[in-house]
Amino acid sequence: MNPSLEFSQKFVVGYNAACKPLCQELKLPQTALDILLFLVNNPEYKTASDIVEFRHIKANLVSMNVDRLVKEGYLERRAVVGDRRKTELLCTEKARPVIERGRAVQNAFFARLLTNTDEPTREAFFRTMEIIGKNLDDILKENA
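Residues numbered from 1 in each chain as written. Predicted model: local features only at pLDDT ≥ 70, side-chain atom pairs only at ≥ 80, totals over all residues. Heavy atoms only, no water.

It is worth spelling out the packing of aromatic side chains at this point. The tally for this structure, following the rule as stated, stands at eight aromatic pairs. Consider the rings of F38 and Y45, whose centres lie 5.9 Å apart with planes at 15°: the pair is stacked. Judged by its relative accessible area of 7%, F38 falls in the buried class. What makes Y45 partly exposed here is its relative accessible area of 23%. Grouping aromatic residues by their ring pairs yields a cluster made of F7, F11, Y15, F109 and F110. Over the ring of Y74 we find K94, and its NZ or CZ is 4.9 Å from the ring centre. (Phe/Tyr/Trp six-rings, centres within 6.5 Å; stacked < 30°, edge-to-face > 60°. Buried < 20%, exposed > 50% of the residue type's maximum accessible area, 1.4 Å probe, protein only. Lys NZ or Arg CZ within 6 Å of the ring centre and 35° of its normal.)

Structure, rendered in structure tokens:
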């Protein structure tokens, strides 16, 4: 198996395992929790199509889970001013404790990933990720 493919697979499986107890307790599917956390962690993205594009969750799963989150009072839909065809998704006050607990799970997961690394290693890793991100931006611009 390709090492990077293996890493990305392990990352997703590990992250989902870390989230599983919270999802079970809240009786929320992983995708629903992912949607709430995506919206709050990335406030510049507010629509279902943003979730599909940037989180790579299939449109039918996003639609089904957004409907559920709206029905259960965790999300509100609001028409975008100037473009009534677009709908923004807003987390409600009811979602706040879920989001806080979800973020705590995310923080613990990322801290666990960095266990056994020292500060210089972490700094080098994050600097490298930033450089790779810029290189990816350049590749995307060149091929747009």
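Structure's up, so let's keep going.
If a strand is regular, its side chains alternate between the two faces of the sheet. Bridge analysis of strand β1 (residues 75–80) against strand β2 (residues 83–91) gives six bridges, and the strand direction is antiparallel. Bridge pairing links E76 to L90 in β2. Linking β1 back to β2 in an antiparallel pair, the connection comprises two residues, with G82 at a positive phi of about 90°. (Pairing = 2+ DSSP bridges. Helix = DSSP H or I, 4+ residues; strand = E, 2+ residues; numbered from the N terminus.)

What follows covers the packing of helix α2 (residues 30–41) against helix α5 (residues 96–113). Closest axis-to-axis distance for the α2/α5 pair is 10 Å, and the angle between their directions is 90°. For the element pair α2 / α5, the angle class is roughly perpendicular. Where α2 abuts α5, its residues L33, L36, L37, V40 and N41 lie against V98, I99, G102, R103 and Q106. Grouping the amino acids of the contact of α2 with α5 by side-chain chemistry returns six nonpolar, three polar and one charged. (Axes fitted to C-alpha atoms, helices over the stretch in contact; angles between N-to-C directions. Parallel < 35°, antiparallel > 145°, perpendicular 65-115°, else oblique. Contact = heavy atoms within 4.5 Å. Nonpolar A, V, L, I, M, F, W, Y, C, P; charged D, E, K, R; others polar.)

Moving on, we come to the pattern of salt bridges. Using the criterion set out here, one finds nine salt bridges in the structure. With its nearest N and O atoms 2.3 Å apart, the salt bridge here joins R77 to D67. In this pair, R77 is assigned in strand β1 and D67 in helix α4 (residues 59–71), connecting sequence segments ten residues apart. Overall, D67 belongs to the partly exposed group, its relative accessible area being 40%. Across the salt bridge formed by R68 and E72, the nearest N and O atoms sit 2.9 Å from each other. Exposure remark for R68: the relative accessible area of 31% places this residue in the partly exposed category. (Salt bridge = Lys/Arg side-chain N within 4 Å of Asp/Glu carboxyl O.)

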